[in-house]
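Reading the structure
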Amino acid sequence: MSINTVGVVGAGTMGNGIAQACAVSGINVVMVDINQAAVDKGLATIEKSLDRLLQKEKITEADKAAALARVKGSTRYEDFQGADLVIEAATENRELKTKILKQLDELLAPEVIVATNTSSISITALAAATGRADRFVGMHFFNPVPMMALVEIIRGLQTSDATHDAVKALAETLGKSPITVKNAPGFVVNRILVPMINEAFFVLAEGLATPEDIDAGMRLGCNHPIGPLALADMIGLDVCLAVMEVYLDEFGDSKYRPCHLLREYVAAGRLGRKTGMGVYSYAK
């Protein structure tokens, strides 16, 4: 199956990143969010990102103009008509995602593939909320989408080979390096990564070291390009907390309990870069 037009639900960090990756690769995109302000912000983020690539001479003015022309912003799911694939990239909340997927299922033609960009929620369970479980798949991009090469292709119990192969081919068209993963909470990368971040919060809460020294220790001692606390700020502390809560619920193992300090930061609205304050301050 050839995928020429992609719909993206969500114009936030992941949604606009996915839209940009598609547009730069020659694929038409319809990016939908709940209000025009969110759509406009997503479009502006794409343009700024393309400007940075232009300044680095990785694209030309013509490339930028062509990419922007391929992205249509909208507040209506009805504008997904004509899409070959729709990728849901809403907030990491099972109830919200299920609601969105049911709405999409009613609107889209039967042959359209639906993917979710979830980082932890069961693909099999989300697929069951649709009438196209064989054409439903996990397509987990990593932040920042335009820069990160990895895409996890997660097969639910019902996902067909044709669906898997189509989204894997799309990921390769986008210049990504996809890996195929079985359905399980957190899949592969986040199953390892987010508990490590959570443990960094425990270390911070116990006062073993400053945030700067914790991050420096992991960068210099483990050759990580960014420390776990700085990475948490990039991902979003609310997302990290939500993922840990999924693990605790799904596995029932206390080793997945979210750190109380992580909960405190989220309760205070210190969600990381997107709010200007997380573990670190990003105030200009």
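Model, not experiment: these values are computed from the prediction. (Residues numbered from 1 in each chain as written. Predicted model: local features only at pLDDT ≥ 70, side-chain atom pairs only at ≥ 80, totals over all residues. Heavy atoms only, no water.)

**Focus: the overall build of the chain**
Filter applied, for reference: Elements are defined by DSSP. Helices are runs of H or I of four residues or more, strands are runs of E of two residues or more, and each kind is numbered from the N terminus. We take the radius of gyration over the C-alpha atoms and set the globule estimate at 2.2 Å times the residue count to the 0.38 power. Remark: exposure states derive from per-residue accessible area (1.4 Å probe, protein chains only) relative to the maximum for the residue type, with buried under 20%, exposed over 50%, and partly exposed in between. By definition in these notes, contact holds between two residues if any of their heavy atoms fall within 4.5 Å. Shrake-Rupley sampling with a 1.4 Å probe provides the accessible areas, and residues are treated as covered by the protein chains on show and by no other component. Counted charges follow a simple rule, with Lys and Arg positive, Asp and Glu negative, and His plus the chain ends left uncounted. Just so you know, the charge point we use is NZ for Lys, CZ for Arg, CG for Asp and CD for Glu.
Helix and strand content of the chain: 11 helices and eight strands. Relative to the compact-globule value of 19 Å for 284 residues, the chain shows a C-alpha radius of gyration of 19 Å, a close match. Referenced to the eigenvectors of the C-alpha coordinate spread, the extents of the chain come out at roughly 55 × 45 × 35 Å. Burial analysis of the chain (284 residues in total) assigns 49% to the buried set. The long-range fraction of contacts in the chain, counting pairs at least 24 apart against all pairs at least 6 apart in sequence, stands at 66%. In the structure as shown, the chain presents an accessible area of about 13200 Å², 53% of it carried by carbon and sulfur atoms. Side-chain charges of the chain comprise 28 positive and 33 negative groups, with the mean position of each set lying 1 Å from the other.

**Comments concerning the packing of helix α7 (residues 189-205) against helix α11 (residues 260-267)**
Stated precisely, the cut-off is as follows: Lines fitted to the C-alpha atoms define the axes, with helices restricted to the stretch that makes contact. Angles between their N-to-C directions range from 0 to 180 degrees. Every angle not falling under 35 degrees, over 145, or within 65 to 115 is termed oblique; those three ranges are roughly parallel, roughly antiparallel and roughly perpendicular.
Where α7 contacts α11, the two axes come as close as 7 Å, and the packing angle between them is 95°. Accordingly, the angle class assigned to the pair α7 and α11 is roughly perpendicular. Counted together, Asn198, Phe201, Leu204 and Ala205 of α7 and His260, Leu261, Leu262 and Tyr265 of α11 form the full contact between these two elements.

**Some thoughts on the pairing of strand β8 (residues 177-182)**
We count it as follows: Strand pairing requires that DSSP identify at least two bridges connecting the strands. Crossover handedness is defined here as right-handed if the route from the first strand over the helix to the second strand goes clockwise, with the strands pointing away from the viewer.
As judged from the six bridges shared by strand β7 (residues 150-155) and β8, these two strands associate in the parallel manner. Across the sheet, Glu152 pairs through a bridge with Ile179, a residue of β8. Regarding the hand of the β-α-β motif, the stretch spanning β7, helix α6 (residues 161-173) and β8 is right-handed.

**So, the sheet that holds β7**
Strand pairing in a sheet relies on backbone hydrogen bonds. The paired strands run either parallel or antiparallel. Pairing in this open sheet of eight strands is mixed, and the strands run β3-β2-β1-β4-β5-β6-β7-β8 from one edge to the other. Unpaired on one side and paired on the other, β3 (71-74) and β8 mark the two borders of the sheet. Taking the axes of each pair of neighbouring strands and ignoring which way they run, one obtains an average angle of 25° across the sheet.

**Observations regarding the packing of aromatic side chains**
When we look at a pair of aromatic rings, we describe it by the centre distance and by the angle of the planes. Worth spelling out the cut-off: Here a Phe, Tyr or Trp ring, Trp counted by its six-membered ring, pairs with any other such ring whose centre lies within 6.5 Å, and the pair is stacked when the planes are under 30 degrees apart, edge-to-face when over 60, and tilted otherwise. Only when the NZ of Lys or the CZ of Arg is both within 6 Å of the ring centre and within 35 degrees of the ring normal is a charge said to sit over the ring.
Tallied over the entire structure, the rule returns five aromatic pairs. Ring geometry for Phe201 versus Tyr265: centroids 6.1 Å apart, planes at 80°, classification edge-to-face. Of this pair, Phe201 sits in helix α7 while Tyr265 sits in helix α11, and the two are 64 residues apart along the sequence. The class for Tyr265 is buried, based on a relative accessible area of 14%. Pairing Tyr247 with Tyr256 gives two aromatic rings, centres 5.5 Å apart and planes at 70°, and the pair type is edge-to-face. Each member of the pair Tyr247 and Tyr256 is classed as buried. In this structure an aromatic cluster arises from ring pairing among Tyr247, Phe251 and Tyr256. The ring of Tyr265 carries the charged tip of Arg270 above its face, separated from the ring centre by 4.4 Å.

**Remarks on the UniProt feature "site: Important for catalytic activity" (unreviewed entry) in the chain**
Here is the rule: UniProt positions are given in the numbering used here, feature names are shortened, and annotations may be inferred rather than shown by experiment. Here a polar contact means two N or O atoms within 3.5 Å. Within protein one must be a hydrogen donor candidate and the other an acceptor candidate, and residues neighboring in sequence count only if both atoms are side-chain atoms.
Using the residue numbers shown here, the UniProt feature "site: Important for catalytic activity" (unreviewed entry) corresponds to His140. With respect to the element layout, His140 can be found in strand β6 (residues 136-141). Only 2.8 Å separates the side chain of His140 from the side chain of Glu152, close enough to count as a polar contact.

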